[in-house]
Amino acid sequence: MLLPLASAALLAGCTAAETTSLDRFAENGRLVALSGAGAGASNACFTCHGLDGRGDGAGAPRLAGLDAGYLERQLQAYADGRRYHVQMGWIAQALSGDERQAVAFHYAALPVPHARDSATSRLPLYHEGDRSRDLPACAACHGEQGQGAGPANPPLAGQPAAYLAEQLDLWRKAKRRNDPGDVMLRISQLLTPAEARSLAAYSAKLPGGPPSPVSPAASLAARRGDPRNGASGPPLHVPESARAAE
C-alpha cells in the first residue's frame, strides 16, 4: 500500500511543478531583462528595448510578442558571430544558455503592441516582389500586414524603420549570416539601397497583428523549390545597380 501512495504523492508533486514551471521561467527571464544578469546592470535589456519590449524607435528593435524560439536563436547568433553587433555580441556571450532562453520566453510573453502609424499606400515591391529580378514578395514570408508567419519568419510591423534598414544592409554585406538557405542574403543583394530604405519604412508602418500560421510560401522547403527566388542557387554578389545607387 505504501508504494501506490508514494507514487501518487510523486505524481502530484510533478503536476504542481509543471503548472508553475512556465511562470517561474517567465519570472527568471524578467529578472534577466531588468538586471542584465551576467552582462551587468548597465547592459540590462530594458535599457534599450524598454520595459514593455517595444524598442527605442531607432536602432533597438521591439521584442514583445516575437516567437521565443526565434528570439533565443538570435541571441545565439549574436554570441557565435553570425549576427554582427558589438554590444549585443558581448551581452549574448555574457549570458548563459539558460538565461538566453529565459529572457527570450519573457519577451515572447509580452503583448504585441498596436500599430502607431499606418502605411498610407500599398507598396507593390513588398506585396508582389519583382519577377523580372526573381525577387519574391516580402509578404510571402512576413505577412500582408507585416505580422510574420510561423516561428522562423518574424513580424516586421512595429519595428523601427532604421532597424529594418540596418538589417537589410548587414545581410547585403554578409555581416548577418543566420538566415537558413541565405534567402535574406539574396534578397538584400537584389535590392538597391533606395529600395531597401523604402521597404524598411513601409514595413515599419504596417498594421501587424498575431503571426499567421506557416503557409507554403513561407516554408523554407517551398522557397528552395521556387525558381523565382533562387534560394538554392549560388551566392550573389552585390549587383552593379545596387553599388551604383549607393
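Structure shown above.
Below or above, wherever it landed, is the structure these notes cover. All values derive from a computational prediction rather than experimental measurement.

1. Section: the overall build of the protein chain
Stage number 1. Check the secondary structure of the protein chain and you find 12 helices and 0 strands.
Stage number 2. Start at the N end of the protein chain and walk to the C end: the helices and strands fall as α-α-α-α-α-α-α-α-α-α-α-α.
Stage number 3. Taking all 246 residues of the protein chain together, the buried fraction comes to 40%.
Stage number 4. Contacts in the protein chain between residues at least 24 apart in sequence constitute 68% of all its contacts with a sequence separation of at least 6.
Stage number 5. When the accessible area of the protein chain is evaluated, it comes to approximately 13,000 Å², of which 60% is carbon and sulfur surface.

2. Re the pattern of salt bridges
Stage number 1. For the coordinates displayed, the defined rule picks out 7 salt bridges.
Stage number 2. The closest approach of N and O atoms between arginine 133 and aspartate 130, which form a salt bridge, is 2.9 Å.
Stage number 3. Taking the relative accessible area as the measure of exposure, arginine 133 reaches 25% and is therefore partly exposed.
Stage number 4. A salt bridge links arginine 133 to glutamate 195, with the shortest nitrogen-to-oxygen separation between them at 2.9 Å. Separated by 62 residues along the polypeptide, arginine 133 in the loop between α6 (124-128) and α7 (139-142) and glutamate 195 in helix α10 (residues 193-204) bring together distant segments of the chain.
Stage number 5. A cluster of three or more residues bridged by salt bridges with shared partners is formed by Asp130, Arg133 and Glu195.

3. Some points on the packing of helix α3 (residues 68-80) against helix α5 (residues 97-108)
Stage number 1. Put simply, α3 and α5 touch, their axes get as near as 8 Å, and they point 140° apart. In this view, α3 runs oblique relative to α5, as classed from their interaxial angle. The hand of the α3/α5 crossing is right-handed. When α3 is examined against α5, the residues Ala68, Leu71, Glu72, Leu75, Gln76 and Ala79 are found in contact with a partner set consisting of Arg100, Gln101, Val103, Ala104, Phe105, Tyr107 and Ala108.
Stage number 2. The class makeup of the residues in the contact of α3 with α5 is 9 nonpolar, 2 polar and 2 charged.

4. Here we look at the environment of arginine 176
Stage number 1. By the secondary structure assignment, arginine 176 is in the loop between α8 (161-172) and α9 (183-190).
Stage number 2. We classify arginine 176 as buried; its relative accessible area is 5%.
Stage number 3. Along the primary structure arginine 176 and histidine 85 are separated by 91 residues, whereas in three dimensions their C-alpha atoms are 9.3 Å apart.
Stage number 4. For arginine 176, the residues in contact, after removing those within four places along its chain, are Tyr70, Gln74, Arg82, Arg83, Tyr163, Gln167, Leu170 and Trp171.
Stage number 5. Separated by 3.4 Å, the side chains of arginine 176 and tyrosine 70 make a polar contact.
Stage number 6. Here the side chain of arginine 176 touches glutamine 167 through a polar contact of 2.9 Å, side chain to side chain.

5. Some points on the nonpolar core
Stage number 1. The biggest cluster of nonpolar side chains holds 23 residues, and the ones touching the most others in it are Tyr126, Leu191 and Leu199.
Stage number 2. Elements with a minimum of two residues in this core: α6, α8, α9 and α10.
Stage number 3. The element that contributes the greatest number of residues to this core is α10, accounting for 5 residues.
Stage number 4. If you look at the next biggest cluster of nonpolar residues, it comprises 20 residues, including Val32, Tyr70, Met88 and Leu110.

6. Considering the packing of aromatic side chains
Stage number 1. What the rule picks out here adds up to 1 aromatic pair.
Stage number 2. Taking the centre distance of 5.6 Å and the plane angle of 55° together, the rings of tyrosine 126 and tyrosine 202 count as tilted. On the criterion of sequence distance, the pair formed by tyrosine 126 in helix α6 and tyrosine 202 in helix α10 is long-range, its members being 76 residues apart. For the residue pair tyrosine 126 and tyrosine 202, the accessibility class agrees, reading buried in each case.
Stage number 3. Here the guanidinium or amino end of lysine 175 rests over the ring plane of tyrosine 84, the centre of that ring lying 5.4 Å away.

7. Here's the deal with α8
Stage number 1. For α8, built from 12 residues, the straight-helix expectation of 16 Å at 1.5 Å per residue is met to within 8% by its first-to-last C-alpha distance of 17 Å.
Stage number 2. Residues Tyr163, Leu164, Gln167, Leu168, Leu170, Trp171 and Arg172 constitute the buried set of α8.
Stage number 3. Positive phi shows up at alanine 174, right after α8, with a value of about 60°.

Parameters and conventions
- Residues numbered from 1 in each chain as written.
- Predicted model: local features only at pLDDT ≥ 70, side-chain atom pairs only at ≥ 80, totals over all residues.
- Heavy atoms only, no water.
- Helix = DSSP H or I, 4+ residues; strand = E, 2+ residues; numbered from the N terminus.
- Buried < 20%, exposed > 50% of the residue type's maximum accessible area, 1.4 Å probe, protein only.
- Contact = heavy atoms within 4.5 Å.
- Areas by Shrake-Rupley, 256 points an atom, 1.4 Å probe, with all protein chains shown as cover.
- Salt bridge = Lys/Arg side-chain N within 4 Å of Asp/Glu carboxyl O.
- Axes fitted to C-alpha atoms, helices over the stretch in contact; angles between N-to-C directions.
- Parallel < 35°, antiparallel > 145°, perpendicular 65-115°, else oblique.
- Left-handed = near helix turned anticlockwise from the far one by under 90°.
- Nonpolar A, V, L, I, M, F, W, Y, C, P; charged D, E, K, R; others polar.
- Polar contact = N/O pair within 3.5 Å; in protein donor to acceptor, adjacent residues only side chain to side chain.
- Core = buried A, V, L, I, M, F, W, Y, C linked by side-chain atoms within 4.5 Å.
- Phe/Tyr/Trp six-rings, centres within 6.5 Å; stacked < 30°, edge-to-face > 60°.
- Lys NZ or Arg CZ within 6 Å of the ring centre and 35° of its normal.
- Expected span 1.5 Å × (residues − 1).

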